[in-house]
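So the chains spell out like this:
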Amino acid sequence: MIRFAALSFVFLLFLTCNTVYFDDSEFYQLISSDNRSGADFNNIARISLTLDNAQIPSGISSRILNNVSNPAFNNELNFIIQNVDRNFWILVDKENALSRDYTPSDLVQLENSSFRVNRNDLFLRRIAATSLEEMSIAAMTEGLTILVSSAYRSFTSQEQIYTRNVNQMGRQAADRVSARAGHSQHQLGLVVDFGSITNAFAQTREGRWIAANASRFGWSLSYPDGYENVTGYSYESWHYRYVGKEVAAFIDKYFDGIQQYALRFLHEYQKLN
Ligand SMILES: [Zn+2]
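The sections below set out a description of the structure shown in this document.

Cut-offs applied
- Residues numbered from 1 in each chain as written.
- Predicted model: local features only at pLDDT ≥ 70, side-chain atom pairs only at ≥ 80, totals over all residues.
- Pairing = 2+ DSSP bridges.
- Helix = DSSP H or I, 4+ residues; strand = E, 2+ residues; numbered from the N terminus.
- Buried ≥ 20, exposed ≤ 12 C-beta atoms within 10 Å, placed from the backbone.
- Arc of directions from axis to C-beta.
- Contact = placed C-beta atoms within 7 Å.
- Core = buried A, V, L, I, M, F, W, Y, C linked by C-beta atoms within 7 Å.
- Domains from an automatic or database assignment.
- Expected span 1.5 Å × (residues − 1).
- Axes fitted to C-alpha atoms, helices over the stretch in contact; angles between N-to-C directions.
- Parallel < 35°, antiparallel > 145°, perpendicular 65-115°, else oblique.
- Left-handed = near helix turned anticlockwise from the far one by under 90°.
- Nonpolar A, V, L, I, M, F, W, Y, C, P; charged D, E, K, R; others polar.

## Here we look at the sheet that holds strand β4 (residues 147-150)
Point 1. Spatial strand order, β2-β4-β5-β7-β6: five strands in an open sheet with mixed pairing. Two strands bound the open sheet, and with one partner strand each, they are β2 (116-117) and β6 (219-223).
Point 2. Taken together, the three bridges between strand β5 (residues 191-194) and strand β7 (residues 236-242) define a ladder with antiparallel strand orientation. Residue V191 lies in a different strand from β7, and its bridge partner there is R241.

Written as structure tokens, this is what we have:
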């Protein structure tokens, strides 16, 4: 709110300076004929408020505010809001859940191909499966085989997993490692758990390759190391969400690769529109 107040103050100064040169009617004519200044101000105010509402850290926020008049930032943002499948960037976290009856309509079964599956009951949305195939082919050219260990998870299976974890380890520990029903990104049909589903994966050649290359295929690490207080989850080096190439690039370029920040920003931005 401090930034928003500061911006309002700057705008008031702008008003004051202008009224030195124009009487009121001329000024309002100027504002209405020069849409650009008004639109720019509205945009800056909206982005600033969004950054506050999304609780984006100050380092990232000031970089974005420096970019806010840059057409590239606004074009990328508007493209995502208007053209990218909303399920690629919808916020699904501890606070925001999918409904019990949300099931993707285009799930396809994964089979051994350029990647390997460790079970025969794994499903992904078609676009994520296609992207996974492309990424795996690229990995193969470097002698690596990607192993898919988990993918789509229905609301019902989340209920079963969470209940089992609560029974085994108690509610608090269960919340650190598993989602309450509806709160798992896996329900989107856009998420893969790779390899061993342990953080030993991060040290494998495949884990390092995926960490370095996933985003250019549209995949993003959901729960990075050191961000448990942001994401609500301890580090999961194996859990990647397909967000599409545009959103993946947006996350890397403006949000230091932290998916939760970017999706929270998009979530709050949309609420203001
Ligand atoms: Zn996962």
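## Description of helix α12 (residues 245-254)
One turn of the α-helix equals 3.6 residues, which is why residues spaced by three or four share an orientation.
Point 1. Those residues of α12 that fall on the buried side of the exposure criterion are V247, A248, F250 and I251. On an axial view of α12, the arc spanned by its buried residues comes to 160°, and they lie on one face.
Point 2. In this structure, the buried residues of α12 make contact with α5 (71-83), α6 (86-89), β6 and α13 (259-272).

## A closer look at the nonpolar core
Point 1. Counting 52 residues, the largest nonpolar core has V148, A151, F194, V247 and A262 as its most contacted members.
Point 2. When residues of this core are assigned to domains, at least three map to each of domain 1 (2-87) and domain 2 (89-256).
Point 3. Non-local contacts of F194, meaning those with residues more than four positions away in its chain, are made with I146, L147, V148, S149, F201, I210, W238 and Y240.

## What about α5?
Point 1. Taking 1.5 Å per residue, 13 residues should reach 18 Å; α5 reaches 17 Å between its end C-alpha atoms and fits that length.
Point 2. All of the buried residues along α5 are F73, L77 and I80. Within α5, the buried residues cover an arc of 65° as seen down the axis, which keeps them to one side. Looking at α5, the residues exposed on the side facing more than 90 degrees away from the buried face are P71, A72, N75, N78, Q82 and N83.
Point 3. Check the buried side of α5 and you find it contacts α4 (58-67), α6, α12 and α13.

## Considering unusual backbone geometry
Point 1. Unlike most non-glycine residues, I197 shows phi in positive territory, near 55°.
Point 2. At D256, a residue that is not glycine, the phi angle is positive and equals roughly 55°.
Point 3. Mapping D256 onto the fold places it in the loop between α12 and α13.

## What to know about the packing of α5 against α12
Point 1. Interhelical geometry of α5 versus α12 gives an angle of 140° and a closest axis separation of 10 Å. As judged from the angle between their axes, α5 and α12 are oblique. Of the two possible hands of crossing, α5 and α12 adopt the one that is left-handed. The residues of α12 that touch α5, namely those facing E76, F79 and I80, are E246, V247 and F250.
Point 2. Here the contact of α5 with α12 is built from residues that sort into four nonpolar, no polar and two charged.

## Overview of the pairing of β7
Point 1. Burial analysis of β7 places six of its seven residues in the buried class, the great majority of the element.
Point 2. Across four bridges, β6 lies against β7 in antiparallel orientation. By the bridge assignment for β7, S220 is matched with R241.

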